[in-house]
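Fold and geometry: a report
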Amino acid sequence: MSNKMFEFDTRDFDRYFKLISKAAHGEFKKQIALWFEASGFEFLRVVQDEIIRRKVVNTRLLLNSFEKGEKHNVWKVSDGGLTLEVGTNVSYAAYVNDGHWTNKKGQKSRFVPGVWRGDNFEYVRGAKTGMVLKQKWVEGAHYWEAAIRIFERIFKTSVEKKMAEWRDKYFK
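Residues numbered from 1 in each chain as written. Predicted model: local features only at pLDDT ≥ 70, side-chain atom pairs only at ≥ 80, totals over all residues. Heavy atoms only, no water.

1. Let's talk about the pairing of strand β5 (residues 120–123)
Quick note on the threshold: We call two strands paired when DSSP finds no fewer than two bridges between them. Secondary structure elements are defined from DSSP: runs of H or I of at least 4 residues count as helices, runs of E of at least 2 residues count as strands, and each element is numbered from the N terminus.
Here strand β4 (residues 109–117) runs beside β5; their pairing, made up of 4 bridges, is antiparallel. Note on β5: the bridge partner recorded for G114 is Y123. Hairpin connection of β4 to β5: 2 residues between the antiparallel strands, including G118 at a positive phi of 65°.

What follows is the structure in structure tokens.
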């Protein structure tokens, strides 16, 4: 065995790690945050499209609750861990999506106060007129799961495109 010295040139690694460090604290980090937020908007758009496509709403409360800034909307962004949480606080959203029974368990029927306007029923608290709901299962629209399936395909393509764009811009 000879006593030859082995040299390893780390200048390329040093340059690469400096680029990553610089990018992580500068413009690159801002670009990731902007893209991530745009992805949240895109997901909300897909949810709205599914609500419309499945003819889920006759009022706009549920549909509008999937917009940033709407009072019934959930929109949480945390910068450090890049967390984006979107959704709705509309109380009946889960029933519309998942399905529900018209009455509580064991209850065969219940009176709902309101008025009929053509084929549409409008709930009016305390009205003397209304309708009687018999116990039955109302199938959910499953708009949320459909939107997730659609968005997963969109997101995958978007990630691949953005990674190539960022690689070309920040890591050359």
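Once the structure has been displayed, the description carries forward.
2. Some points on unusual backbone geometry
Definition in use: Burial status follows relative accessibility: with a 1.4 Å probe on protein chains alone, a residue under 20% of its type maximum counts as buried, one over 50% as exposed, and anything between as partly exposed.
Within the chain, K55 stands out as a residue other than glycine whose phi angle is a positive 50°. Here K55 lies in the loop between α2 (27–53) and α3 (61–64). Backbone geometry at H142 places phi at a positive 55°, although glycine is not the residue there. Along the chain, the position of H142 falls in the loop between β7 (137–139) and α5 (143–170). Looking at H142, the relative accessible area reads 29%, which means it is partly exposed.

3. Considering the pairing of β4
Here β4 pairs with strand β6 (residues 130–134) via 5 bridges, running antiparallel. The partner of R110 across the bridge, within β6, is L133.

4. Re the nonpolar core
Condition: Among buried residues, those of type Ala, Val, Leu, Ile, Met, Phe, Trp, Tyr and Cys that are joined through side-chain atoms within 4.5 Å constitute a nonpolar core. In what follows, residue pairs with any heavy atoms lying within 4.5 Å of each other are defined as contacts.
F43, V47, I51, L62, F66 and Y143 are the most contacted members of the largest nonpolar core, which has 15 residues in total. Where this core is concerned, the elements lending two or more residues are α2, α3 and α5. The residues touching Y143, leaving out its near neighbours within four places in the chain, are V47, E50, I51, R54, V56, L62, F66, A93, V96 and N97. Core analysis: the next-biggest nonpolar cluster, separate from the first, contains 5 residues, I32, W35, W166 and Y170 among them.

Remember that the coordinates give geometry; whether it matters functionally is a separate question.
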